Amino acid sequence: MSTVILLTLTGLGLAALYFLVASGLSLVFGLADVLNFAHGLFLGVGAYGTWWAAGNLPGAGPDGFGFVFAVAFGVAAGTLVAILVELVLIRPLYSRTIEQVLVTVGLSLAGVALLQATWGADARPFPRPDWTRQVTGILGAQVPNGGLLLIVAAVLVLGAILAFLRWTRYGLVIRAGVENREMVTALGIDVRKAFTLVFAIGGAAAALAGALGGVYFGTVSPGQGGSLLIFAFIVVVIGGMGSVVGSAYAAVVVGLVQQFVNYYGTSGLGDICVVGLLAVVLLLRPQGIAGKVATA
Amino acid sequence: MSARSEPGLRAPQSRTEAAQLEPILTVEDLSVRISGLHILQGVSFTVAPTGVTVLLGRNGVGKTTTLRAIVGLTPPAGEVRGTIRMGAQSLLARPTHRLVRGGLGYVPEDRCVFAGLTVAENLRLAERRGTTPAYDKVFALFPELDRRGRQRAGSLSGGQQQMLAIGRVLLNDNRLLLVDEPTKGLAPKVVTEVAEVLERVAESVPVLLVEQNLAVVRRLARDAVVLSAGRVAWTGNAQDLLLETALTKSLLGVGAEVRA
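Everything quoted here is computed from the prediction, not taken from an experiment.

Caption draft 1: Geometry of the overall build of chain A. When you go through chain A residue by residue, the secondary structure sums to 11 helices and four strands. Taking 296 residues into account, the globule formula puts the C-alpha radius of gyration at 19 Å, and chain A, at 19 Å, falls close to it. Taken across its 296 residues, chain A has 55% of its residues classed as buried. In chain A, 78% of the contacts between residues at least 6 apart in sequence involve partners at least 24 apart.

Encoded structure:
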């Protein structure tokens, strides 16, 4: 029983990580039709930003408020990079899908190379508060606190994004734009501002995933973003492009399937099962769980 | 024409009277190519500053393409040449949201309401900073929209969606309205309602209307521009056109059996 609880909670921790990456990807694709392969870069910037800040930034550190400050710095760095990528590289290429894919794939490769050149290819130990290394006993299972932290963060981010979509003017524009972007402009709204905004939101969430993923795994390495991004894309497709709630459901399914199958089957089988799940969803319900609606 | 439509009905002004005023919209030598297809091939016409000008033609002659070119919604793969002016201002190459904020209202074919949003949210989207949205005017025309504020637009009937699409545009002041097939797919009773509304709207703002229903055309339009194979085939008084059965049949491919 305690194994099931442990697997469920670690699966949910993984799901939280996927959701943080996938929510932004999903909004960006749903609104702007951009398949952003550079999204993993925002995660990498968040992780390395936090790591760097904890060691070098006055006031920041691996514990207490210093750690919160370091994470905030990482998230701010990821957000800034996301905004710059949108303004400088993506904006001139809207509605040119092939070029976008080339640019974002190139950028993700260049980003990894840049991180590698600066801080080396090896995994670095991640600064983290002591309590995140410990475990909490839940119904007999010893659950790592780093995973619980991810779950809490993902739930808060989900709540914040939904509240933003539901209650703000820009949220309304984004929901409408996901449905019919052209009609939003035909009502006199400059939808490109909303594009920049979803890149910023997505960049912030991915950077947070980078920082908290670093806490969870205990290390940070340049390639981390790329491998997470593949599963995040799967989550986006299963959840339905443009739906934040769909991404949340899909992340939970993917995280749990991966964790349980990897444990009870052979290690690695869970990853294959997730790809199989993707194929089944594409065959039976190509629009994903929630379809192309930015649900609030 | 039914008796109850009398109050809003004006005898169409003569074309010469309208022509004395500067046109609100001037389209000159407009060509649109989309993915290698030469859809519009040098279209020129003007829209009078009052009343309804109707854009007619068989399916696929480029009516919707014309409206979309005016409002800057030609797909990125398309190429637009020529001149489009609203008053003295050139419209080509300006982004759609600027044109719309400059007073060009667009009600697209198939309504395009945001199905997942509520009626109130659909209307709220059209609000603009610095101006007071004319909810009074819109709710006076469409009381239904006020009552159904919390309903999802996707669950409205076709007629109600059309009212919402028109209402959304009327929240702001417009210098010209482009309305694309507002009665398409609607029940006859609803067609009459939409026509009544457009008639009232056209009293205060000029309308360039694409419409296939000749009864609606006869009721609303003063001027007509007929497109055929990407070119202007005929311009003149809409009522004159409808009286010429042979001409209507050759240009529009329909008998001029105008149902009232």
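Caption draft 2: Structural detail: the overall build of chain B. Helix and strand counts for chain B come out as 11 helices and 10 strands. Counting across all 260 residues of chain B, residues that qualify as buried make up 43%. A separation threshold of at least 6 residues defines the contact pool for chain B, and within that pool the share at least 24 residues apart is 70%.

Caption draft 3: Structural view of the packing of helix α1 (residues 2–32) of chain A against helix α10 (residues 244–264) of chain A. At a minimum axis separation of 7 Å, α1 of chain A and α10 of chain A run at an interaxial angle of 140°. Of the two possible hands of crossing, α1 of chain A and α10 of chain A adopt the one that is right-handed.

Caption draft 4: Just the interface of chain A and chain B, in detail. Listed as interface residues are 16 residues of chain A and, on the opposing side, 20 residues of chain B. Elements with a minimum of two residues in the side of chain A that touches chain B: α6 (169–179) and α7 (181–185) of chain A. Considered class by class, the residues forming the side of chain A that touches chain B number eight nonpolar, four polar and four charged.

Caption draft 5: The arrangement of the nonpolar core in detail. Residue and element names in this part refer to chain A. In terms of nonpolar packing, the biggest core is built from 181 residues, with Tyr18 and Val21 touching the most fellow members. Sorting elements by how many residues they give to this core places α1 first, with 18 residues. Once residues within four sequence positions are removed from consideration, Tyr18 is found in contact with Phe231, Ala232, Val235, Ala251, Val254 and Gly255.

Caption draft 6: Fine view of the pairing of strand β2 (residues 37–47) of chain B. Residues and elements named next belong to chain B. Where strand β1 (residues 25–34) meets β2, eight bridges bridge the pair, whose relative direction is antiparallel. Bridge pairing links Val32 to Leu40 in β2. What sits between β1 and β2 in their antiparallel hairpin is a turn of two residues, with Ser35 showing a positive phi close to 50°.

Caption draft 7: Representation of the pairing of strand β3 (residues 141–144) of chain A in the model. All names here are of chain A. Note: strand β2 (residues 135–138) against β3, four bridges, orientation antiparallel. When the bridges of β3 are listed, Gly137 appears paired with Gln142. Here β2 folds back onto β3, and the loop between the two strands holds two residues, one of which, Leu139, carries a positive phi near 50°.

Caption draft 8: Structural view of the sheet that holds strand β5 (residues 89–90) of chain B. Reading across from one edge, β2-β1-β4-β5 (chain B) is the order of the four strands in this open sheet, with antiparallel pairing throughout. Each of the sheet's edge strands pairs with one partner strand only, and the pair in question is β2 and β5 of chain B.

Caption draft 9: Main features of the environment of Ala16 of chain A. All names here are of chain A. As for its placement among the helices and strands, Ala16 is situated in helix α1. Along the chain, Ala16 and Ala82 lie 66 residues apart, while their C-alpha atoms are 21 Å from each other. In contact with Ala16, other than residues within four places in its own chain, are Leu150, Ile151, Ala153 and Ala154.

Caption draft 10: Molecular detail of helix α8 (residues 191–217) of chain A. Residue and element names in this part refer to chain A. If you check α8, its first and last C-alpha atoms are 38 Å apart, about what 27 residues at 1.5 Å a residue would give, namely 39 Å. In terms of burial, α8 is a largely internal element, 21 of the 27 residues being buried. Immediately beyond the C-terminal end of α8, within one or two residues, lies Gly218, with a positive phi of roughly 85°.

Caption draft 11: Just the sheet that holds strand β7 (residues 176–180) of chain B, in detail. Residues and elements named next belong to chain B. Read across the open sheet, the six strands follow the order β6-β7-β8-β3-β9-β10; overall the sheet is mixed. Two strands lie at the open edges of the sheet, namely β6 (104–107) and β10 (231–237), each paired on one side alone. Sheet twist, expressed as the mean angle between neighbouring strand axes with direction ignored, is 15°. For strand β9 (residues 221–228) and β10, the ladder comprises six bridges, and the chain directions are antiparallel. Looking at β10, one finds that Val226 is bridged to Trp234.

Caption draft 12: Expanded view of the environment of Trp119 of chain A. Residues and elements named next belong to chain A. Structurally, the position occupied by Trp119 is in helix α4 (residues 97–119). Trp119 sits 103 residues away from Pro222 along the chain, and the two C-alpha atoms are 8.5 Å apart. Beyond its immediate chain neighbours, meaning those up to four positions away, Trp119 contacts Tyr48 and Arg124.

Caption draft 13: Layout of the environment of Leu99 of chain B. All names here are of chain B. Checked against the element boundaries, Leu99 lands in helix α3 (residues 96–101). In this structure, the C-alpha to C-alpha distance between Leu99 and Leu117, residues 18 residues apart in sequence, is 24 Å. In this structure Leu99 touches Val71, Gly72, Leu91, Arg94 and Leu104, once residues within four positions along its chain are discounted.

Caption draft 14: Main features of the confidence of the model for chain B. All names here are of chain B. Mean pLDDT over chain B works out to 88, with 90% of the residues at or above the 70 mark. Element-level mean pLDDT values for chain B span from 49 in helix α1 (residues 15–19) up to 97 in β7. Predicted confidence for residues 1–13 stays below pLDDT 50, and this span has 15 contacts to residues more than four positions away or in other chains. Segment residues 256–260 is flagged for pLDDT under 50; beyond a separation of four residues in sequence, or across chains, it makes 13 contacts in the model. Across the whole predicted complex the pTM is 0.87, and at the interface the ipTM reaches 0.86.

Caption draft 15: Representation of the packing of α1 of chain A against α8 of chain A. All names here are of chain A. Running from N to C, α1 and α8 point in directions that differ by 165°, and their axes come no closer than 9 Å. By the angle between their directions, the pair α1 and α8 is classed as roughly antiparallel. Judged by the twist between their axes, the crossing of α1 over α8 is left-handed. Class assignment of the residues belonging to the contact of α1 with α8 gives a composition of 18 nonpolar, six polar and no charged.

Caption draft 16: Highlighting unusual backbone geometry. Residues and elements named next belong to chain B. Positive phi, normally seen in glycine, also occurs at Glu181, with a value near 45°. Among the structural elements, Glu181 can be located in the loop between β7 and α8 (188–201). Classification of Glu181 as buried rests on a count of 22 C-beta atoms within 10 Å. Phi is positive for Ala229, which is not a glycine, with a value near 50°.

About the cut-offs
Residues numbered from 1 in each chain as written. Chains lettered and ligands numbered in written order. Predicted model: local features only at pLDDT ≥ 70, side-chain atom pairs only at ≥ 80, totals over all residues. Helix = DSSP H or I, 4+ residues; strand = E, 2+ residues; numbered from the N terminus. Rg over C-alpha atoms; globule rule 2.2 N^0.38 Å. Buried ≥ 20, exposed ≤ 12 C-beta atoms within 10 Å, placed from the backbone. Contact = placed C-beta atoms within 7 Å. Axes fitted to C-alpha atoms, helices over the stretch in contact; angles between N-to-C directions. Left-handed = near helix turned anticlockwise from the far one by under 90°. Nonpolar A, V, L, I, M, F, W, Y, C, P; charged D, E, K, R; others polar. Core = buried A, V, L, I, M, F, W, Y, C linked by C-beta atoms within 7 Å. Pairing = 2+ DSSP bridges. Expected span 1.5 Å × (residues − 1). pLDDT = per-residue confidence, 0-100. Parallel < 35°, antiparallel > 145°, perpendicular 65-115°, else oblique.

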